[in-house]
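# Examining the three-dimensional arrangement
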Amino acid sequence: MSENFFSDILLPITLAIITLGMGLAIESKDFAGIFRYPKAIITGLLTQMLILPLIAFLICFSFEIDPVYKVGLIIIAACPGGATSNLVNFMLNGNVALSLSITLVNSLITLFTIPAIVRVGLELFRDEQAIIHLPFFETILNIFLVVAIPAAIGVTIRHFFRGFAIGLEKPLRYVLPVLLLVVYSGVLFIDKGAESLHLMDYLNLYPFPILLNVLSMLGGWFVAKQIGLKRRNQFTIAVEVGLQNSTLAIFIAATLLSSQQMAVIPIIYGSFSFFTTWGFGYLLKRFSR
């Protein structure tokens, strides 16, 4: 059995199952509407690509943090949202079609923006230059296997077996988060190397990724509100901008940059961000009238 059984095998399968489950809640016309009236998806993409990294750089310049952790924060901000942000929107009854569309398009765009943003972070805070090459075809394949294809299968099932799909919506809102929690627990505490991970040792670092998480959600919500999007799209974009793909960030830091220290911030971020984003999104949904 793989030494990283949860991260290498169970996590991708779980994310694909989650995306399929969310596809069951979407009508094909929902996607058509998004691209017919593209203001919402353009707002989400621009906010995620521009405002999120800007917030991360402002945090880095505003606080005395070890430069290696500053780069870790920049790596998180450079990453797209993932299946977890889609799941939070599904749980909040947000615009799941919009969330999935932003994730899919931004995952393709960040193949080119991540190397540029991370290189700026390295040059500013570490006085280093590094050429980062994301595995292009492997990344594209993963995007389609984890996001595009499962979502398409879910939408197709809903089209042909609508009653069956609608009947699954409510139980899936409880089952999918529990499934993700179980697998993430395995990634953090069972996979090889987990025994050396002591998050309590890094309590002094928690405020910075939390600040990035909260400010990016506020930024996404504020921009969407000022542009005049519907309230449902406002908190959908807030969640999508606020919850980044920590798994990809850990891969970039630990594997591509060979720095376990840089990976500490993404690991910390991944340990809380699902819960804080859900809570903040719930408050936005309830009180942002």
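Residue numbers run consecutively from 1 along every chain, following the written order of its sequence. Residues qualify for local features only when their pLDDT is at least 70, as the model is predicted, and side-chain atom pairs are given and counted only at 80 or more; totals for whole chains, interfaces and linings, by contrast, use all residues. In computing side-chain values, all of the structure's heavy atoms are included and hydrogens and water are not.

## Overview of the layout of surface pockets
- Here a cavity means grid points, on a 1 Å grid over the protein atoms only, where a 1.4 Å probe fits yet cannot get out; a pocket means an open set of points with protein on both sides within 12 Å along at least five of seven lines; lining residues are those with an atom within 4 Å of a point. Grid points are joined across faces, edges and corners, and a volume is the space filled by probe spheres set on the points. Looking at the second largest pocket, its volume works out to about 290 Å³.
- In terms of lining, the second largest pocket is formed by Asp 30, Gly 33, Ile 34, Tyr 37, Lys 39, Ala 40, Asn 95, Gly 228, Leu 229, Lys 230, Arg 232 and Asn 233.
- Strands here mean DSSP runs of E at least two residues long; helices mean DSSP runs of H or I at least four residues long; both are numbered from the N terminus. Contributing elements (two or more residues each) for the lining of the second largest pocket: helix H2 (28-36), helix H3 (39-62) and helix H10 (231-242).
- No other element matches the three residues that H2 contributes to the lining of the second largest pocket.
- Classification used: nonpolar for Ala, Val, Leu, Ile, Met, Phe, Trp, Tyr, Cys and Pro, charged for Asp, Glu, Lys and Arg, polar for all others including Gly. Residue classes in the lining of the second largest pocket are distributed as four nonpolar, four polar and four charged.

## Looking at the pattern of salt bridges
- Basic side-chain nitrogens of Lys or Arg form a salt bridge, by our definition, when they fall within 4 Å of a carboxyl oxygen of Asp or Glu. For the structure shown, the criterion picks out five salt bridges.
- Across the pair Glu 123 and Arg 119 runs a salt bridge whose closest N-O atoms are separated by 3.2 Å. Of the two residues, Glu 123 and Arg 119 are both situated in helix H6 (residues 96-125); the distance of four residues between them amounts to about one turn of the helix.
- Under the scheme applied here, a residue whose accessible area is under 20% of the maximum for its type counts as buried, over 50% as exposed, and between as partly exposed, the area being computed with a 1.4 Å probe on protein chains only. With a relative accessible area of 33%, Arg 119 lands in the partly exposed category.
- A salt bridge links Glu 169 to Arg 173; the nearest nitrogen and oxygen atoms lie 3.5 Å apart. Taken together, the residues span about one helical turn, with Glu 169 and Arg 173 both in helix H8 (residues 162-189) at a distance of four residues.
- Judged by its relative accessible area of 18%, Glu 169 is buried.
- Look at the salt bridges and you will find they share partners, linking Glu 27, Arg 158, Arg 162, Glu 169 and Arg 173 into a network.

## Examining a nonpolar patch on the surface
- Together, Leu 108, Leu 141, Phe 144, Leu 145, Ile 149 and Ile 153 give the surface a local cluster of nonpolar side chains, amounting to about 500 Å² of exposed area.
- The topology assignment puts Ile 153 in helix H7 (residues 136-160).
- Judged by its relative accessible area of 39%, Ile 153 is partly exposed. Only residues whose relative accessible area exceeds 30% and that form no salt bridge enter a patch; like-charged residues are grouped when within 9 Å of one another, and nonpolar side chains (Val, Leu, Ile, Met, Phe, Trp, Tyr) when within 5 Å. Under the convention used here, a 1.4 Å probe and the Shrake-Rupley method define accessible areas, while residue burial counts only the protein chains that appear.

## A closer look at the packing of helix H4 (residues 67-78) against H6
- The angle between two axes is taken between their N-to-C directions and runs from 0 to 180 degrees, where each axis is a line fitted to C-alpha atoms and a helix contributes only its stretch in contact. One way to put it is that H4 packs onto H6 with a least axis distance of 9 Å and a crossing angle of 160°. Considering the angle they form, H4 stands roughly antiparallel to H6. Crossing angle aside, the handedness with which H4 passes H6 is right-handed. Across from Pro 67, Lys 70, Val 71, Ile 74, Ile 75 and Ala 78 in H4, the residues of H6 making contact are Thr 110, Ile 114, Ile 117, Val 118, Gly 121, Leu 122 and Phe 125.
- Each residue belonging to the contact of H4 with H6 can be placed in one class, and the counts come to ten nonpolar, two polar and one charged. To sort the angles, those under 35 degrees are grouped as roughly parallel, those over 145 as roughly antiparallel, those from 65 to 115 as roughly perpendicular, and the leftovers as oblique. Crossing handedness follows the turn of the near helix against the far one: under a right angle anticlockwise gives a left-handed crossing, and clockwise gives a right-handed one. The criterion used for residue contact is that any of the two residues' heavy atoms lie within 4.5 Å.

## As for unusual backbone geometry
- Although it is not a glycine, Asn 93 sits at a positive phi angle of roughly 60°.
- On the secondary structure map, Asn 93 appears in the loop between helix H5 (83-91) and H6.
- Its relative accessible area of 43% is what places Asn 93 among the partly exposed residues.

## Re empty space enclosed by the protein
- Applying the stated criterion to the full structure yields one cavity of 30 Å³ or more.
- Its boundaries defined by the atoms lining it, the largest cavity holds a volume of some 40 Å³.
- Contributing to the lining of the largest cavity are Gln 48, Met 49, Pro 53, Ala 77, Ala 78, Cys 79, Asn 106, Thr 110, Thr 113 and Ile 117.
- For the lining of the largest cavity, the secondary-structure elements that each account for two or more residues are H3, H4 and H6.
- For the lining of the largest cavity, the element with the most residues is H6, which contributes four residues.
- Split into classes, the residues belonging to the lining of the largest cavity amount to six nonpolar, four polar and no charged.

## Some details on the side chain of Ser 107
- Turning to its location among the elements, Ser 107 is positioned in helix H6.
- If we skip the residues at most four places from it in the chain, Ser 107 touches Pro 80, Gly 81, Ile 102 and Ile 143.

## Details of H3
- Each residue after the first adds 1.5 Å to the expected span of a helix. Its 24 residues place the ends of H3 33 Å apart at the C-alpha level, agreeing with the 34 Å of an ideal helix rising 1.5 Å per residue.
- Of all the bends in H3, the greatest, near 35°, is centred on Thr 47. Here the bend at a residue means the angle between the axes of two seven-residue stretches, the one that ends at it and the one that starts at it.

## Focus: the packing of aromatic side chains
- Stacked, tilted and edge-to-face are the three classes assigned to paired rings of Phe, Tyr and Trp, where Trp is represented by its six-membered ring and a pair needs centres within 6.5 Å; plane angles under 30 degrees give stacked, over 60 edge-to-face, the rest tilted. A full pass over the atoms with the stated rule returns seven aromatic pairs.
- With centroids separated by 5.8 Å and ring planes inclined at 65°, the aromatic side chains of Tyr 269 and Phe 272 adopt a geometry described as edge-to-face. A residue pair is termed a helical-turn pair when its members lie 3 or 4 positions apart in one helix, as Tyr 269 and Phe 272 do in helix H12 (residues 260-287) at three residues.
- Three or more aromatic residues joined by ring pairs make a cluster, and in this case those are Phe 57, Phe 61 and Phe 125.
- In this scheme, Lys NZ or Arg CZ marks a charge over a ring once it lies within 6 Å of the ring centre and within 35 degrees of the ring normal. Across the ring face of Phe 90, the terminal group of Arg 173 is positioned such that the distance to the ring centre comes to 4.5 Å.

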